[in-house]
Amino acid sequence: MQVAETSLDSAEVARRLARLSTVDDHMARTYPGARSDLQPVHTCYVPADRVDATVLRSWSDQALAALDEHAATPSRLAEILGLTQEIAEAVHPRVRAKLAGSPVQDLRIDFEDGYRADAEDADAVRTAGVVADWLRDGVAPANFGLRVKSYDTPELRERSVRTLDLFLTALLARTGGVPDGFVLTFPKVVDVAQVEVFVEILGLLEQRFGLGEGALRFEIQVETTQSIVDSEGRFALPRFLRAGAGRVTGLHFGTYDYTASCGLTAAHQHLAHRACDYARHAMQVAAAGTGVFLSDGSTNVLPVGDQVVKGWQTHYELVRRSLAHGFYQGWDLHPAQLVTRYAAVFAAFRDSAPAEAARLAAYTGTGSAEVLDEPATARALAVSFVRALDNGATDADEVKVLTGLAETDLRALGRL
């Protein structure tokens, strides 16, 4: 067989291509890809003084009571949220089952903006005991932790460190180690130095408690303009993530602090403002491929009193909007928001499932192709079904009927 003739010297080519090995190493370290652990659909923030042994059951009970009082039937839920009857018939029982079980997937004990009490030492120790009891009784949410105060001023920094120290000292005395799913929330970051110092404080705590390096992990709240563009005009978030030294698990958007820092008046401080879209898209670009989860912010229009329907409609539309923007997690501030959190998550899946299933079938060769999807899109299609399996929007039997694929095949495709 005749060998095709080339013109370039192979040694010269190899020498130049070898330089790219450093790029390969950097990409592998910085962009390891999606995490395998389950992302919660929400984070519930509860002021520390209101966290007690009953808070998880109370959120479930209040959410169920709101559903039963205001949307007891699929038809009523469809009327309020604008669902088709078919979607409502599928969503309503799943929402009710979720609320009756363990609806709080992620809970943050809040010592920052939501905390108004004047007994922070006592509350830090007490809530650590509450968490230890949850773990002992097997009722802890899959994800939980606390939001400490920011590092804005010397007084706040000292208070933040002291609260964290008290909480961990009391918790680890009961548990002996950092529980699975435990995460801290670090708010109002304006400079990479704050992240660096926070990481150093976590390192000191790990040394003091005999923990492995990196055992204490945290989320960064994106709620200042300096979290997006720093004072030198640089894109700040990649620098924050690097400073996190592998400890950063999430970027969480803060609706009201961010919009206020942009100079928006109260009437325009809401999650659907384009200023928020800019910040969210910056978060996506910074976190893409890193394995860092993204979480959207909250709405302060609560489904309470005589505005339950308005509150639900507002929350539902905002959750659907977040999902469309690729934010699969968000903040919930009131138990009744769990109704529309799960209704929105489940309905969004069911609206898109038929078309996504057809595209998956075409890609895997079990159906005809109307859209020519790339492997990356096929992976995203599979991940959509995996996410729905994990959050309760569907089950393996239903997915098999829709896609022709077993759950194990879908999960494998989603990891390609």
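In case you missed it, the structure is sitting above this.
None of the values given here were measured: they were computed from a predicted structure.

**A look at helix 8 (residues 192–209)**
Residues lying three or four places apart along an α-helix face the same way, a consequence of the helix completing one turn every 3.6 residues.
Turning to step 1, where the next piece is worked out: Between its first and last C-alpha, helix 8 extends 26 Å over 18 residues, near the 26 Å set by a 1.5 Å rise per residue.
Turning to step 2, where the next piece is worked out: Of the residues making up helix 8, those classed as buried are Val192, Gln194, Val195, Phe198, Val199, Ile201, Leu202, Gly203, Leu205 and Glu206.
Turning to step 3, where the next piece is worked out: Against the buried residues of helix 8 lie helix 7 (154–175), strand 4 (182–186), strand 5 (218–222) and helix 9 (236–243).
Turning to step 4, where the next piece is worked out: Between the side-chain oxygen at the start of helix 8 and the backbone nitrogen of Ala193 there is a gap of 2.8 Å, and the oxygen is on Asp191.
Turning to step 5, where the next piece is worked out: Among the residues trailing helix 8, Gly210 stands out with phi positive, at a value near 70°.

**Observations regarding the environment of Phe186**
Turning to step 1, where the next piece is worked out: Along the chain, Phe186 turns up in strand 4.
Turning to step 2, where the next piece is worked out: Judged by its relative accessible area of 0%, Phe186 falls in the buried class.
Turning to step 3, where the next piece is worked out: For the pair Phe186 and Ala88, spaced 98 residues apart in the sequence, the C-alpha separation amounts to 38 Å.
Turning to step 4, where the next piece is worked out: Once residues within four sequence positions are removed from consideration, Phe186 is found in contact with Val148, Tyr151, Gln194, Val195, Phe198, Phe218, Glu219, Ile220 and Gln221.

**Comments concerning a nonpolar patch on the surface**
Turning to step 1, where the next piece is worked out: Nonpolar side chains collect at one region of the surface, where Leu8, Val13, Leu17, Leu20, Val23, Met27 and Tyr31 lie side by side and expose about 650 Å² of accessible area between them.
Turning to step 2, where the next piece is worked out: Breaking the nonpolar patch down by element, the ones donating at least two residues are helix 1 (10–18) and helix 2 (21–30).
Turning to step 3, where the next piece is worked out: Tracing the sequence through the fold places Leu17 in helix 1.

**Considerations on the sheet that holds strand 8 (residues 330–332)**
Turning to step 1, where the next piece is worked out: Taking strand neighbours across the sheet as the criterion, the eight strands line up as 7-6-5-4-3-2-1-8 in an open arrangement whose pairing is parallel. Lying at the two open borders of the sheet, with one neighbouring strand each, are strand 7 (293–295) and strand 8. Between one strand axis and the next, the sheet turns through 25° on average, direction left out of account.
Turning to step 2, where the next piece is worked out: Note: strand 5 against strand 6 (residues 248–253), five bridges, orientation parallel. Paired with Gln221 across the strands is His252, a residue of strand 6.
Turning to step 3, where the next piece is worked out: With respect to the sheet, helix 7 is in contact with strand 2 (106–110), strand 3 (143–147) and strand 4, its orientation differing from that of strand 4 by roughly 175°.

**Some points on the pairing of strand 4**
Turning to step 1, where the next piece is worked out: The element strand 4 is largely enclosed, with a buried count of five among its five residues.
Turning to step 2, where the next piece is worked out: Because side chains alternate across strand 4, one face comprises the buried residues Phe182, Leu184 and Phe186, and the other comprises Val183 and Thr185, equally buried.
Turning to step 3, where the next piece is worked out: Between the parallel pair strand 3 and strand 4, the chain is carried across by helix 7, and the sense of this crossover is right-handed.
Turning to step 4, where the next piece is worked out: The pairing of strand 4 with strand 5 spans three bridges and is parallel. Bridge pairing in strand 5 links Thr185 to Glu219.
Turning to step 5, where the next piece is worked out: On the question of chirality, the crossover connecting strand 4 to the parallel strand 5 by way of helix 8 is right-handed.

Thresholds, definitions, all that
Residues numbered from 1 in each chain as written. Predicted model: local features only at pLDDT ≥ 70, side-chain atom pairs only at ≥ 80, totals over all residues. Heavy atoms only, no water. Helix = DSSP H or I, 4+ residues; strand = E, 2+ residues; numbered from the N terminus. Expected span 1.5 Å × (residues − 1). Buried < 20%, exposed > 50% of the residue type's maximum accessible area, 1.4 Å probe, protein only. Contact = heavy atoms within 4.5 Å. Polar contact = N/O pair within 3.5 Å; in protein donor to acceptor, adjacent residues only side chain to side chain. Patch = residues over 30% accessible without salt bridge, like charges linked within 9 Å, V, L, I, M, F, W, Y side chains within 5 Å. Areas by Shrake-Rupley, 256 points an atom, 1.4 Å probe, with all protein chains shown as cover. Salt bridge = Lys/Arg side-chain N within 4 Å of Asp/Glu carboxyl O. Pairing = 2+ DSSP bridges. Axes fitted to C-alpha atoms, helices over the stretch in contact; angles between N-to-C directions. Right-handed = clockwise from strand over helix to strand, strands pointing away.

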